[in-house]
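# Geometric and topological summary
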Amino acid sequence: MSAPLIQAKGVSVAMNGHLALQHVDMEVRPGEIITVVGPNGSGKTTLLRALIGAVPLKQGQVTRAEGLRVGYVPQALSIDPTLPLTVTRFLSLPVRRDAAARAQALTQAGAAGLEQRQMSELSGGQFQRVLLARALLEDPQLLVLDEPTTGLDQPGSAGFYRQIEALRAQTGCAVLMVSHELHVVMSASDRVICLNGHVCCHGAPDVVASAPEYRALFGSGTGGALALYRHDHDHHHHHDHDHEHDHA
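The paragraphs below set out a description of the structure included in this document. (Residues numbered from 1 in each chain as written. Predicted model: local features only at pLDDT ≥ 70, side-chain atom pairs only at ≥ 80, totals over all residues. Heavy atoms only, no water.)

Here the focus is the pairing of strand β9 (residues 199-203). Pairing of strand β8 (residues 191-195) with β9 involves 4 bridges; the strand directions are antiparallel. Across the sheet, C194 pairs through a bridge with C201, a residue of β9. Taken together, β8 and the strand that follows it, β9, pair antiparallel across an intervening segment of 3 residues, in which G197 is found at a positive phi of about 85 degrees. (Pairing = 2+ DSSP bridges. Helix = DSSP H or I, 4+ residues; strand = E, 2+ residues; numbered from the N terminus.)

What follows concerns the packing of aromatic side chains. Evaluated as defined, the whole model comprises 2 aromatic pairs. The interplanar angle of 85 degrees and the centroid separation of 6.2 Å between the aromatic rings of F160 and Y161 together place this pair among those described as edge-to-face. On the accessibility criterion, F160 (0% relative accessible area) is buried. With a relative accessible area of 3%, Y161 lands in the buried category. Lying over the aromatic face of F90, R134 brings its terminal NZ or CZ to 4.6 Å of the ring centre. (Phe/Tyr/Trp six-rings, centres within 6.5 Å; stacked < 30°, edge-to-face > 60°. Buried < 20%, exposed > 50% of the residue type's maximum accessible area, 1.4 Å probe, protein only. Lys NZ or Arg CZ within 6 Å of the ring centre and 35° of its normal.)

What follows concerns the sheet that holds β8. Judged by pairing direction, the sheet is mixed, and its 6 strands sit side by side in the order β5-β6-β7-β3-β8-β9 without closing on themselves. The two strands at the open ends of the sheet, each matched to only one other strand, are β5 (70-73) and β9. Ignoring strand direction, the axes of neighbouring strands in this sheet form an average angle of 15 degrees. In this structure, strand β6 (residues 142-146) lies alongside strand β7 (residues 174-178), joined through 5 bridges in parallel fashion. Residue L142 lies in a different strand from β7, and its bridge partner there is A174. The sheet contacts of helix α4 (residues 124-136) involve β5 and β6, and relative to β5 the element is tilted by about 160 degrees. Here helix α5 (residues 154-171) sits on the sheet in contact with β3 (33-37), β6 and β7, set at roughly 170 degrees to β6. (Axes fitted to C-alpha atoms, helices over the stretch in contact; angles between N-to-C directions. Contact = heavy atoms within 4.5 Å.)

This brings us to the layout of surface pockets. The volume enclosed by the largest pocket comes to roughly 220 Å³. In terms of lining residues, the largest pocket is bounded by 15 residues, among which Y72, L93, R134, A135 and E138 are the most central. For the lining of the largest pocket, the secondary structure elements donating two or more residues are β5 and α4. Partitioning the lining of the largest pocket into residue classes produces 11 nonpolar, 1 polar and 3 charged. (1 Å grid on protein atoms, 1.4 Å probe; cavity = no way out; pocket = protein on both sides within 12 Å on 5 of 7 lines; lining within 4 Å. Points joined across faces, edges and corners; volume = space filled by probe spheres on them. Nonpolar A, V, L, I, M, F, W, Y, C, P; charged D, E, K, R; others polar.)

Considering the arrangement of structural elements, one finds Q108 in helix α3 (residues 99-108). In this structure, Q108 is in contact with L136, Q163, L167, Q170 and T171, ignoring residues within four places of it in sequence.

Below, the discussion takes up α4. For α4, built from 13 residues, the straight-helix expectation of 18 Å at 1.5 Å per residue is met to within 8% by its first-to-last C-alpha distance of 18 Å. When α4 is considered as a whole, its buried residues turn out to be F127, Q128, R129, V130, L131, L132, A133, A135 and L136. Tucked inside the fold, the buried residues of α4 contact β5, α2 (87-91), α3, β6 and α5. (Expected span 1.5 Å × (residues − 1).)

What follows concerns the nonpolar core. Within the largest apolar cluster, 31 residues are counted, with the highest numbers of intra-cluster contacts made by V130, L132, L143 and L145. Elements with a minimum of two residues in this core: α2, α3, α4, β6, α5 and β7. Here this core gets 7 residues from one element, more than from any other, and that element is α4. Leave out the neighbours within four places in its chain, and L132 touches V73, A109, L143, L145, F160, Q163, I164 and L167. Membership of the second largest hydrophobic core comes to 25 residues, among which are L21, L47, V144 and I193. (Core = buried A, V, L, I, M, F, W, Y, C linked by side-chain atoms within 4.5 Å.)

It is worth spelling out the pattern of salt bridges at this point. Overall, the coordinates contain 6 salt bridges when judged by the stated rule. A salt bridge links R69 to D139; its shortest N-O distance comes to 3.5 Å. Of this pair, R69 sits in the loop between β4 (59-64) and β5 while D139 sits in the loop between α4 and β6, and the two are 70 residues apart along the sequence. By relative accessible area, which is 36% here, R69 ends up partly exposed. A salt bridge links E138 to R97; the nearest nitrogen and oxygen atoms lie 3.2 Å apart. Here E138, found in the loop between α4 and β6, pairs with R97, found in the loop between α2 and α3; they are 41 residues apart in sequence, far enough to count as distant. A residue is classified by how much of its surface remains accessible, and E138, at 39% relative accessible area, is partly exposed. (Salt bridge = Lys/Arg side-chain N within 4 Å of Asp/Glu carboxyl O.)

Laid out in structure tokens, this is it:
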């Protein structure tokens, strides 16, 4: 087994005087897609931030592979609509990139040809893909995405997650994402971590979906998610990636 890209051991984080995370153990290995799910306020964003070193730990440790390149896609980035900012200019913040690198990142993110567009004029889906392209400029070994499809409609979010799967196939990068969309978790992840301040359960999607802890958090909807996971899984075996009928 290759060494983990990132590993948390006994991680606790305090926010505003209460423990947002308690005793979390987890790791991300090269090339795997891991999704973190959990109710609002369960510490999902805090966990991502702890892993990339953006919040201090109260206890425990996070170990990152030496020289680990991380591409981070934030949950929601608000840009002043009155600010003239082209995609090209945005991709060159804070580090200037050459045109070839920008074009390649946009293509990989499914946003080819948007260079001259104003950020404020992009659709929600295009905006997310430009954020993704910016993260890809780091040539990441690990792509970290915090609820990347917030505000996108069903086809838009399904398309975005397919783009992530394609990227992993092309570049071999690992992916760690927070998602509130359970069907996505079932179809796209190698492993799922169910979080509620601590790790309630983790493992392969079908294992987690049938765990009582998961059902306690997500209720009766999980049966449908699991059914779709099986249905999607069959599709994957037939290499049929063109099914646009992703159900909610």
